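An overview of the molecular structure
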Amino acid sequence: MNIQANTLRSFVKHACFGLFASAALTLSACSAGSAPAPEPPLAGADIGGDFELTDKNGETVRWSDFEGQYRIVYFGFAYCPDVCPTDMQRTAQGLAAFAELEPELASRVQPIFITIDPERDTPKVVGEFASAFSDDLMGLTGTPEQIADAASKFRVFYAKGEESEGGGYLMDHSRIVYLFGPSGEPLATLPADKNADAVAQELAKWVS
């Protein structure tokens, strides 16, 4: 089964017309006042670490390559029928809404999608999946050993489900969208399970 980029792009375009406007109003309200910034909820957590994975062009990508950038990290799989596309859609829309208000800050944020299904998610497949949501979203894959190592460092659970008669299967996995700081330090999780506005508001709290 091939990933159909056009189908995914059609899925992504189903967004509320008032997203950017409502997010901008909310973010402006959040930026008002001079109260000291609270400590990030994941400050000091043992989450993340160096990995060696492969991008859509077959090039090696390491965690250290993103030094100086904020990073959004999500583990999922391209053949996911609903949860992964929904989370990636809301994350991409939230980052876009944040960029409408703070383009310079948003330019320092690199969103990353890492597959937990390397058996099917080739570099081409993860590239098509990621580009369906944003040209900035980087899709990464690797060997089963590389994926297992990365998932362990990012405290992500995943397991292969039972195969159907046709050979298809789903993947069970953690549903977490992480935000990391410029030095790779964990900051917070992004509420992609809610909506894009919530994602944009959370980004506004920690990206500075």
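Residues numbered from 1 in each chain as written. Predicted model: local features only at pLDDT ≥ 70, side-chain atom pairs only at ≥ 80, totals over all residues. Heavy atoms only, no water.

**Here we look at the overall build of the protein**
Of regular secondary structure, the protein possesses 7 helices and 9 strands. For the protein, restricting intrachain contacts to residue pairs at least 6 apart in sequence, the fraction spanning at least 24 positions comes to 73%. About 10400 Å² of surface is accessible on the protein, with carbon and sulfur atoms providing 51% of the total. (Helix = DSSP H or I, 4+ residues; strand = E, 2+ residues; numbered from the N terminus. Contact = heavy atoms within 4.5 Å. Areas by Shrake-Rupley, 256 points an atom, 1.4 Å probe, with all protein chains shown as cover.)

**Quick notes on the packing of aromatic side chains**
The tally for this structure, following the rule as stated, stands at 11 aromatic pairs. The interplanar angle of 35 degrees and the centroid separation of 4.6 Å between the aromatic rings of phenylalanine 113 and phenylalanine 129 together place this pair among those described as tilted. With phenylalanine 113 in strand β4 (residues 109-115) and phenylalanine 129 in helix α5 (residues 123-131), this residue pair connects regions lying 16 residues apart in the sequence. By relative accessible area, phenylalanine 129 is classed as buried at 0%. One cation-aromatic arrangement involves arginine 71 over tryptophan 63; the distance from NZ or CZ to the ring centre is 4.5 Å. Of note, lysine 160 hangs over the ring of tyrosine 169, and the distance from its end group to the ring centre comes to 4.3 Å. (Phe/Tyr/Trp six-rings, centres within 6.5 Å; stacked < 30°, edge-to-face > 60°. Buried < 20%, exposed > 50% of the residue type's maximum accessible area, 1.4 Å probe, protein only. Lys NZ or Arg CZ within 6 Å of the ring centre and 35° of its normal.)

**Quick word on the pairing of β4**
The side chains of a regular strand alternate, residue by residue, between the two faces of the sheet. Within β4, 7 of the 7 residues are buried, which leaves it mostly tucked inside the rest of the structure. Burial of the side chains of β4 extends over both faces: Val109, Pro111, Phe113 and Thr115 are buried on one face and Gln110, Ile112 and Ile114 on the other. Here strand β3 (residues 70-76) pairs with β4 via 7 bridges, running parallel. Bridged to isoleucine 72 within β4 is proline 111. Inspection of the sheet shows β4 paired to strand β5 (residues 138-140) by 3 bridges, in the parallel sense. When the bridges of β5 are listed, phenylalanine 113 appears paired with glycine 139. For the crossover that starts at β4, traverses α5 and ends in the parallel β5, the hand is right-handed. (Pairing = 2+ DSSP bridges. Right-handed = clockwise from strand over helix to strand, strands pointing away.)

**Observations regarding unusual backbone geometry**
Unlike most non-glycine residues, arginine 155 shows phi in positive territory, near 55 degrees. In this fold, arginine 155 is placed in the loop between α6 (144-153) and β6 (158-160).

**Overview of helix α7 (residues 196-206)**
Among the 11 residues in α7, 8 count as buried, and that is most of the element. Taken together, the buried positions of α7 are occupied by Ala196, Asp197, Ala198, Val199, Ala200, Glu202, Leu203 and Trp206. Regarding α7, its N-cap is asparagine 195, as a side-chain oxygen of that residue lies 3.2 Å from the backbone nitrogen of aspartate 197 further along. (Polar contact = N/O pair within 3.5 Å; in protein donor to acceptor, adjacent residues only side chain to side chain.)

**Thoughts on the confidence of the model for the protein**
Mean pLDDT over the protein stands at 88; residues scoring 70 or higher make up 82%. Contacts for the low-pLDDT stretch residues 1-33, under 50 throughout, to residues beyond four places or in other chains number 45 contacts. (pLDDT = per-residue confidence, 0-100.)

**A short note on the pattern of salt bridges**
Counting across every chain of the model gives 9 salt bridges. One salt bridge connects arginine 71 with glutamate 67, and the closest N-O pair in it is separated by 4.0 Å. For the salt bridge of lysine 153 with aspartate 149, the shortest nitrogen-to-oxygen distance reads 3.2 Å. Taken together, the residues span about one helical turn, with lysine 153 and aspartate 149 both in helix α6 at a distance of 4 residues. A residue is classified by how much of its surface remains accessible, and lysine 153, at 27% relative accessible area, is partly exposed. Among the residues examined, aspartate 149 registers a relative accessible area of 36% and is labelled partly exposed. Overlapping salt bridges, with partners in common, bring together Glu119, Lys160 and Glu163 in one network. (Salt bridge = Lys/Arg side-chain N within 4 Å of Asp/Glu carboxyl O.)

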